[in-house]
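Letter by letter, the chains look like this.
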Amino acid sequence: MTGDPVSRKRRAAHAVLRRLPLFGTLIGLGLAVWLVATNDLAAVAAAFGRIGVAGFAGVTLVRIVVILLCGLAWARILDGLAPATASACMILRFVREGINVLLPVASVGGDVLGARLLTFWGVAGSLAAASVLADMLFQVGTLALFAGLGAGLLSRVEGAEAAALASWTLRTLVVAGLAVAAFFAFQRTGIVRVLEDRLAALGRRFVRDAEARPEPNRRIQGALDTVWAPGRRGHLAQSFALHALAWLLGTVEVAVVLACIGVDHVGWADILVIEALSQAIKAAAFVVPSGLGVQEGGLVLVCGLFGIDPGTALALSLARRVPDVVLGLPALLVWQNLEARRAGVRPATPTCDRP
């Protein structure tokens, strides 16, 4: 028995979604291979070699600061609501980044797992999920503003290519702004509660009503209402500001690499444009794990506007992947250690959800 057509379509759609990261990996790998094959490998190797140990160490240190800021931003969302400390959020932020950049998952896979791991610190699953949703909203929202700043600066650069890219970026940001607004509305208008009620109603067809209906302290919408409560605007504003600062610090990574290679004809405004637009291009291709190939292509495109040759742009991209490995591998080991010790985790602490 093969099932009805609707069931077959649902299974097919589920199979496609499950394999989407794999498809993204193959596409990104193909793009990366094409970029390498169509450019001068000797020039890439020469530029990469000029970075040196000091340059790689500098880039890695900057990345550590960026991730710590993002972890602190997550902790500000949870402050006063959960027993998890700021240090726990910082550790789990490294784990989230390691999973996103090293494993064949979409760029949100680490965030989903980060919410689960947060429960090991005694945080209720609903609150853990709500905190990650709010954290992702701030991260995407500040990236959109950062990209808008970069597009605004790019619009002052002479040349048809710069004007075209700035125009395309601004149009794309309009769509991104609508998506961010929809994501915010998803969290604040009770849509999650409707979905939970629908799932509970479906569950009551198969189990007893008491088992199917989520308890108040387990409802994600209730936890979201708690996170977004009016009295917590100060905590949320701090989280937003920390994410914005983290994006700005990313320009230091670019500056360190370019200085080590010997590129001295670009200023800080140019570097900000390079970082903002390359990060926006990478984020747009979030289904490609770690932006494989997309990051490289974006840097080649944007750097070319400022007279930086493709070999140097590719070396810059490779240098920025060094912290992915140096910090990502230990993060994966921390994840496995946490999973091995899950039997000793704290029980979840109930949250005071709003009705």
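To be clear, the structure that these remarks concern was listed above.
Keep in mind that what you see is a predicted model, and the values were worked out from it rather than measured. Sequence order as written defines the numbering, with residues in each chain counted from 1. Local features in this predicted model are restricted to residues whose pLDDT is 70 or higher, and side-chain atom pairs enter the listing and the counts only when it is 80 or higher, whereas totals over whole chains, interfaces and linings include all residues. Hydrogens and water are ignored here; the side-chain numbers use all heavy atoms of the structure.

A look at the overall build of the protein
- Secondary structure is summarised from DSSP: a helix means a run of H or I of at least four residues, a strand means a run of E of at least two, and numbering begins at the N terminus for each. Within the protein, the regular secondary structure consists of 13 helices and zero strands.
- Listed N to C, the secondary structure of the protein is α-α-α-α-α-α-α-α-α-α-α-α-α in terms of helices and strands.
- The 355 residues of the protein split such that 45% are buried.
- The criterion used for residue contact is that any of the two residues' heavy atoms lie within 4.5 Å. Taking contacts inside the protein between residues at least 6 apart in sequence as the whole, the part at least 24 apart equals 78%.
- Of the accessible surface of the protein, which amounts to about 17400 Å², a share of 69% is contributed by carbon and sulfur atoms. Categorising residues by exposure relies on relative accessible area from a 1.4 Å probe, with only protein chains included: less than 20% of the type maximum marks a residue as buried, more than 50% marks it as exposed, and the intermediate range marks it as partly exposed. The accessible surface values rely on the Shrake-Rupley method and a 1.4 Å probe; as for residues, cover is taken only from the protein chains in view.

Regarding the packing of aromatic side chains
- For this analysis, a ring pair means two rings from Phe, Tyr or Trp (six-membered ring only for Trp) whose centres lie within 6.5 Å, classed as stacked if their planes differ by under 30 degrees, edge-to-face if by over 60, and tilted for the remaining angles. One pass over the full model with this rule turns up four aromatic pairs.
- Each ring, one from F48 and one from F56, has its centre 5.1 Å from the other, and the planes form 45 degrees; the classification is tilted.

Focus: the environment of H243
- When you line up the elements, H243 lands in helix α10 (residues 233-261).
- In sequence terms H243 and T142 are 101 residues apart; their C-alpha atoms lie 6.5 Å from each other.
- Filtering out sequence-adjacent residues up to four positions away, H243 remains in contact with C70, A73, R93, D135, F138, Q139 and T142.

Re the side chain of T169
- Here T169 is to be found in helix α6 (residues 160-188).
- On the basis of relative accessibility, which here comes to 5%, the residue T169 falls in the buried class.
- Apart from the residues within four sequence positions on either side, T169 is in contact with A147, A151 and L277.

Brief notes about helix α12 (residues 294-304)
- With respect to burial, α12 is a largely interior element, eight of its eleven residues being buried.
- Among all positions in α12, only V294, Q295, E296, G298, L299, V300, V302 and C303 are buried.

Brief notes about the side chain of Q187
- For Q187, the position within the fold is in helix α6.
- Ignoring any residue separated from it by four or fewer positions in sequence, one finds Q187 in contact with L133, A134, L137, Q221, L224 and W228.

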